[in-house]
Amino acid sequence: QVQLVESGGGLVQAGGSLRLSCAASGRTVSGYGMGWFRQAPGKEREIVASISLNGGRTFYTDSMKGRSTISRDNAKNTVYLQMNSLKPEDTAVYYCAAARTGMSTTIRGYDYWGQGTQVTVSS
């Protein structure tokens, strides 16, 4: 099993930046594809970004392309999501997830989930 704990969320003004972290324990994240998802009030959970086991491949949802960077430091057993030029519509709870089968862009592709961290972007 792997346990995931997100951190780094908070309140930021529009145009600002945040760096979310996902710390893993139990197993090294090097054996998992990793993803970041978000769920805004009244909306379905959606993919933000994902990254392959060795970090060689990444995926970003259209709304986040050019504004976010997913990365992983397997030595630190941590995955990051750097978000820039944040908009009020980015306000959501952000979740980290791990996939045993590798990189995925769908919720069903992930086996382990963190508790989430709140990101609020003020206008």
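In case you missed it, the structure is sitting above this.
Residues numbered from 1 in each chain as written. Predicted model: local features only at pLDDT ≥ 70, side-chain atom pairs only at ≥ 80, totals over all residues. Heavy atoms only, no water.

Participant: I'd like to hear about the state of the cysteines, residue by residue, with values.
Facilitator: Covalent bonding between the sulfur atoms of two cysteines defines a disulfide. One pass over the structure, following the stated rule, counts 1 disulfide. For C22, the disulfide goes to C96, at an S-S distance of 2.1 Å. Taking the sign of the torsion about the S-S bond as the criterion, the disulfide between C22 and C96, at about -80°, is left-handed. Placement of C22 in strand β3 (residues 18-25) and of C96 in strand β9 (residues 92-99) is noted, with a sequence separation of 74 residues between them. (Disulfide = S-S within 2.5 Å. Helix = DSSP H or I, 4+ residues; strand = E, 2+ residues; numbered from the N terminus.)

Participant: Explain the nonpolar core to me, using residue names and the numbers behind them.
Facilitator: Ranked by size, the top nonpolar core spans 28 residues in total, and within it L4, M34, W36, I70, L81, M83 and Y94 carry the most contacts. Of all the secondary structure elements, the ones that give two or more residues to this core are β3, β4 (33-39), β5 (46-51), β8 (78-83), β9 and β11 (117-122). When neighbours within four sequence positions are excluded, Y94 is seen to be in contact with E6, L20, W36, F37, R38, V48, L81, M83, G116, T117 and V119. Listed in part, the 5 residues of the second largest apolar core include F37, I47, A97 and Y110. (Core = buried A, V, L, I, M, F, W, Y, C linked by side-chain atoms within 4.5 Å. Buried < 20%, exposed > 50% of the residue type's maximum accessible area, 1.4 Å probe, protein only. Contact = heavy atoms within 4.5 Å.)

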